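Report on the structure
Residues per chain are reported as follows:
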Amino acid sequence: MADDQGDRISTFIARLTDALGPKGVSTDAHEIDPHISDWRGRWKGSTPVLVKPASTEEVSAAMTLCAAYGLAVNPQGGNSGMVNGSVPQGEVLISLKRMNKVREVDVLNDAMTLEAGVILTRAQEIAEQNDRLFPLSLGAQGVAMIGGLISTNAGGVQVLRYGMMRDLVLGIEAVLPDGRVWNGLRGLRKDNTGYDLKHLFIGAEGTLGVVTAATLKLFPRPAVKETAWVTVASPTKAVELLQLAKAASGGAVTGFEIVPQLGLQLVLRHIPDTRDPLPSGLPWRVLVELSLPREEGARDMMESLLADAIGREIVADAVICGSEAQKAMVWKIRENIAVAERAHGKALKHDVSVPVSRVAEFMERGAALAHTMSPGADVIAFGHVGDGNIHFNITPPPGADQERFVEQDGLPLSKAVHDLIASLNGSISAEHGIGRLKRDELAWRKSAVEMDMMRAVKRALDPDGRMNPGRVL
Ligand code: FAD
Ligand code: 2HG
Ligand code: ZN
């Protein structure tokens, strides 16, 4: 029986190689290795074969063969996902990394069409070369790819002005589980012709098909960015500052990120060439970024905002970045909290959101919960306070077995944090998705009617359940 299965896989791989050529298929353990564990080293998987199509036709050919052989498929982009979705568990692994062409930049339409394997930093560069902005921005932007960013509906650090990936997609091309190609690459802002199917694929985490290309929105490039790094006494003060900043700038706040003292210390300890431009004993920093269409008056706007905030005792102290290097430094601190936290050790991670009006309450009550249930544990709560999205991470108490804390002993605390989130009308996954990590919890957190609708969509598009089995649903 096992031999039969082995023979079947061998025949499948031979036919795949005929269809895609030797460059498109690999069974080399050395080449496969980086594709079968996650960024934090928490999960390890396996695959019989790594497929590397270079075109939509090749994805279609591979998917048609997988369907014929009844094989499950795991699509992968940059493998920077945080919820154990992109690590294969025996499925055929389809990497989109060779699909990295720019199909079109339509400057007049403020749109560009890129293949799924284009890395985010390159997408930003392409926009810039055309005097436009592609605003999506996040710590993994040097590896995360358009297809993965769409499939997770990625967020990041510019969401409060430009929205999530969902808000940036005009059209999608996808290959369905049976190998058929859906070309939905429309660059239209208005198109009310029935169900808007692209939204099914955005945030589907590869459970409905393989995204092969997308038409993305472009924006005017701001003439100037004013960036400040401020100290505040509490998350409540941070939220007060957000309101003030929005009102004072006429909605020009593009970044509003909170950084706790411990997160900052870990970055300074683990990330080379980092320096706090505003050393202080206060427990919180906030990075405020305004993006403006004119240089004139921009600095004055930031200065008067901060003077007002200090006058009202919202902000304790502040520095406005005087150079591009200083701006890069505060962003480097912010973007490296996850990297520094990884270097520090394991953590119970929660990627949660609540209405902005309840962020401060969540952060205070969440910290109290952590300290009561796991005395000695440290909370590293940071991130996108402007979107109501906090990364609420908890390190094991001193002396605890790290692995055991994250996989077992800390789980009642995790549940309590998510219960708190539910009681505040929040979400247990703000931007990273569900994957395998939160799949079981999703099933009982969502209403039966919502789960039924999701399962119906899944059955309609993937009746054999071969796309990313065990993820999301
Ligand atoms: P992968 O990790 O390869 O895949 C993610 C999921 O999408 C998997 O389920 C996979 O099967 C599926 N998938 C991938 N490509 C396709 C495709 N072409 N078609 C169908 N399904 C596909 N996320 C944020 O939202 N905001 C942040 O600020 C942020 N910061 C991060 C910082 C760091 C240091 C790291 C490591 C990660 C961060 N992330 C963040 C998480 C991660 O970068 C995002 O989830 C990103 O969108 C994943 O893209 P990827 O190309 O790496 O996808
Ligand atoms: C960020 O905002 C990422 O830095 C990573 O989403 C969050 O590691 C995390 O918890
Ligand atoms: Zn984040």
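Refer to the preceding data block for the structure.
Below: a short report on this structure. (Residues numbered from 1 in each chain as written. Chains lettered and ligands numbered in written order. Predicted model: local features only at pLDDT ≥ 70, side-chain atom pairs only at ≥ 80, totals over all residues. Heavy atoms only, no water.)

**Re the coordination of the zinc ion (ligand 3)**
Bound to the zinc ion (ligand 3) are the protein donor atoms H384 (NE2), H391 (NE2) and E431 (OE), situated 1.9 to 2.1 Å from the metal. Here the donor residues for the zinc ion (ligand 3) map to a single chain with the spacing H-x6-H-x39-E. Taken together, the positions of H384 in strand β17 (residues 378-384) and E431 in the loop between α16 (411-423) and α17 (439-445) put the pair 47 residues apart, joining distant regions of the chain. With a relative accessible area of 10%, E431 lands in the buried category. (Donors = N, O, S within 2.8 Å, 3.2 Å for Na, K, Ca; no water. Helix = DSSP H or I, 4+ residues; strand = E, 2+ residues; numbered from the N terminus. Buried < 20%, exposed > 50% of the residue type's maximum accessible area, 1.4 Å probe, protein only.)

**A few points about a positive patch on the surface**
Taken together, the side chains of R436, R439, R455 and R459 make up a positively charged region of the molecular surface. By the secondary structure assignment, R436 is in the loop between α16 and α17. With a relative accessible area of 33%, R436 lands in the partly exposed category. (Patch = residues over 30% accessible without salt bridge, like charges linked within 9 Å, V, L, I, M, F, W, Y side chains within 5 Å. Areas by Shrake-Rupley, 256 points an atom, 1.4 Å probe, with all protein chains shown as cover. Salt bridge = Lys/Arg side-chain N within 4 Å of Asp/Glu carboxyl O. Lys, Arg positive; Asp, Glu negative; His and termini not counted. Charge placed at Lys NZ, Arg CZ, Asp CG, Glu CD.)

**Some details on unusual backbone geometry**
With the exception of glycine, most residues fall at negative phi, and the peptide bonds are largely trans. With a phi close to 55 degrees, N79 is a non-glycine residue in the positive phi region. Locating N79 in the fold gives a position in the loop between β3 (73-76) and β4 (92-95). On the accessibility criterion, N79 (10% relative accessible area) is buried. Its identity as a non-glycine residue notwithstanding, N153 has a phi of 45 degrees, on the positive side. Secondary-structure assignment places N153 in the loop between α5 (146-151) and α6 (159-162). Here N153 falls in the buried class, since its relative accessible area comes to 13%.

**Things to note about the sheet that holds β3**
If you trace the four strands from one edge of the open sheet to the other, you get β1-β2-β4-β3, paired in mixed fashion. Looking at strand neighbours, the two that pair on one side only are β1 (25-26) and β3, the edges of this open sheet. Pairing of β3 with β4, which is carried by four bridges, proceeds in the parallel orientation. In the strand pairing of β4, P75 is matched with I94. Strands β2 (50-51), β3 and β4 of the sheet are contacted by helix α3 (residues 56-69), whose axis makes an angle of about 170 degrees with β4. (Pairing = 2+ DSSP bridges. Contact = heavy atoms within 4.5 Å. Axes fitted to C-alpha atoms, helices over the stretch in contact; angles between N-to-C directions.)

**As for the pattern of salt bridges**
A complete count under the given rule lists 30 salt bridges for this structure. Between E115 and R103 there is a salt bridge, and its shortest N-O distance comes to 3.1 Å. Within this pair, whereas E115 is found in strand β6 (residues 111-115), its partner R103 is found in strand β5 (residues 102-106), the two being separated by twelve residues in sequence. Overall, the relative accessible area of 4% leaves E115 in the buried class. R132 is the partner of D110 in a salt bridge, and the nearest nitrogen-oxygen pair spans 2.6 Å. Here D110 is found in the loop between β5 and β6, whereas its partner R132 is found in strand β7 (residues 132-133), with 22 residues between them in sequence. Each of K101, R103, E115 and E173 takes part in a single network of salt bridges with overlapping partners.

**Thoughts on the packing of helix α14 (residues 359-373) against α16**
Where α14 meets α16, the axes come as close as 10 Å, and the angle between the chain directions of the two elements is 160 degrees. When the axis of α14 is compared with that of α16, the two are roughly antiparallel. Judged by the sense of rotation from one axis to the other, the crossing of α14 with α16 is right-handed. Note on element contacts: α16 touches α14 through P412, L413, A416, V417, L420 and I421, opposite F362, R365, G366, L369, A370 and M373. (Parallel < 35°, antiparallel > 145°, perpendicular 65-115°, else oblique. Left-handed = near helix turned anticlockwise from the far one by under 90°.)

**Things to note about the sheet that holds β5**
The strand order across the open sheet built from five strands is β5-β6-β10-β8-β9, with neighbouring strands paired in antiparallel fashion. The open sheet has two free edges, formed respectively by β5 and β9 (181-184), since each of these has just one partner strand. Across the sheet, the mean angle separating the axes of adjacent strands is 10 degrees when strand polarity is ignored. Pairing of β5 with β6, which is carried by four bridges, proceeds in the antiparallel orientation.

**Some thoughts on a nonpolar patch on the surface**
On the surface, a nonpolar cluster with roughly 340 Å² of combined accessible area is contributed by Y195, L197 and L200. Within the fold, L200 resides in helix α8 (residues 198-201).

**Quick look at helix α4 (residues 120-129)**
Residues L120, A123, Q124, I126 and A127 constitute the buried set of α4. Within α4, the buried residues cover an arc of 160 degrees as seen down the axis, which keeps them to one side. Buried residues along α4 sit against β5, β6, β7 and α5. One or two steps after α4, the chain reaches D131, where phi turns positive at roughly 55 degrees. (Arc of directions from axis to C-beta.)

**Looking at the site of ligand 2**
All residues adjacent to ligand 2 are M82, R334, A338, K349, F382, H384, H391, N393, E431 and H432. At 3.0 Å, a side-chain N or O of H391 approaches an oxygen atom of ligand 2. Note that an oxygen atom of ligand 2 is positioned 2.9 Å from one of the side-chain N or O atoms of N393. Relative to its free-state accessible area of 300 Å², ligand 2 is covered by the protein chains to the extent of 90%. When residues of the shell around ligand 2 are traced back to their parent elements, those giving at least two are β17 and β18 (389-395). A breakdown of the residues in the shell around ligand 2 according to their chemical character gives three nonpolar, four polar and three charged. (Near = heavy atom within 4 Å. Polar contact = N/O pair within 3.5 Å; in protein donor to acceptor, adjacent residues only side chain to side chain. Nonpolar A, V, L, I, M, F, W, Y, C, P; charged D, E, K, R; others polar.)

Everything listed is a geometric property; what it means functionally is a separate question.
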